[in-house]
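Commentary on secondary and tertiary structure
In case you want the letters, here they are:
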Amino acid sequence: MLAPKEFYFLRHGETDWNLEGRAQGQTDVPLNDRGRDQARAAQSLTQHLPIKTICCSPLSRALETAQILQEALGCPLEVIEELRECSWGDCEGGSKGEWFKDWKQGVANPPGAEPYARFLKRALSGLNLSLDRPGPVLIVAHGGVYWSVQKYAALGAEFDLPNATPVRHDPPREAFPWWQATEL
């Protein structure tokens, strides 16, 4: 279960592999210039928010995005290993073809890949570790980690969050007994 606390989520800025449609997984692909610009643009969307802690994945594309945001927010930044993107094993660096659909459905697992269900549970653990920090928390991670938010907050259809788009998440409460996600 996702801890019922307000938080913000931001997928890292763009990388060259994002641009090329390649499966990054845990390959440590850095931000490109556009990704850095996206992170700087996200500063203006987040700098007025009451964020107390930034938690991020250890992969450089998320860490650099978080560091750029930290410049404006001036709050502590903590790296959470469990926020690391899923490992797609031998398929990293290639395109997301039939293997990807089969992997998500639990039908097949590429050699060396982390099983989808196990990944979602690990990501949930990273989200909850983040939400244990002083908040509201800004989580800077990956598109795959956001699938875990979508699943455990019951946000509906799974989709890929655009790069460097901040989303506020409000937990269920009496007037609204379900999670709400609002793009900033």
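Calculation rules
- Residues numbered from 1 in each chain as written.
- Predicted model: local features only at pLDDT ≥ 70, side-chain atom pairs only at ≥ 80, totals over all residues.
- Heavy atoms only, no water.
- Helix = DSSP H or I, 4+ residues; strand = E, 2+ residues; numbered from the N terminus.
- Rg over C-alpha atoms; globule rule 2.2 N^0.38 Å.
- Buried < 20%, exposed > 50% of the residue type's maximum accessible area, 1.4 Å probe, protein only.
- Contact = heavy atoms within 4.5 Å.
- Areas by Shrake-Rupley, 256 points an atom, 1.4 Å probe, with all protein chains shown as cover.
- Lys, Arg positive; Asp, Glu negative; His and termini not counted.
- Charge placed at Lys NZ, Arg CZ, Asp CG, Glu CD.
- Polar contact = N/O pair within 3.5 Å; in protein donor to acceptor, adjacent residues only side chain to side chain.
- Axes fitted to C-alpha atoms, helices over the stretch in contact; angles between N-to-C directions.
- Parallel < 35°, antiparallel > 145°, perpendicular 65-115°, else oblique.
- Nonpolar A, V, L, I, M, F, W, Y, C, P; charged D, E, K, R; others polar.

Points about the overall build of the protein
Assigned secondary structure in the protein consists of six helices and six strands. For the protein, the succession of helices and strands along the chain, N to C, is β-α-α-β-α-β-α-α-β-α-β-β. Computed over C-alpha atoms, the radius of gyration of the protein comes to 16 Å, within 12% of the 16 Å expected from 2.2 N^0.38 for 184 residues, which places it in the range of a compact globule. A burial count over the protein gives 51% of its 184 residues as buried. Taking as baseline every contact in the protein between residues at least 6 positions apart, the subset at least 24 positions apart corresponds to 68%. Total accessible area computed for the protein in this model is approximately 8,300 Å², and 52% of it derives from carbon and sulfur atoms. Averaging the positions of the 19 positive and the 24 negative side-chain charges in the protein gives two centres separated by 3 Å.

Side note on the side chain of Arg61
In this structure, Arg61 sits in helix 3 (residues 60–73). Side-chain polar atoms of Arg61 contact the side chain of His12, separated by 3.4 Å. Excluding residues that lie within four positions of it along the chain, Arg61 makes contacts with His12, Gly13, Thr15, Gln24, Gly25, Thr27, Asp28, Val29, Pro30, Leu31, Glu85 and His142.

Considerations on the packing of helix 5 (residues 116–131) against helix 6 (residues 143–152)
Axis separation between helix 5 and helix 6 bottoms out at 9 Å; the angle between their running directions is 85°. By the angle class used here, helix 5 and helix 6 are roughly perpendicular. Contacts from Tyr116, Phe119, Leu120, Lys121, Ala123, Leu124 and Leu127 of helix 5 reach helix 6 at Gly144, Val145, Trp147, Ser148, Val149, Lys151 and Tyr152. Class assignment of the residues belonging to the contact of helix 5 with helix 6 gives a composition of 10 nonpolar, two polar and two charged.

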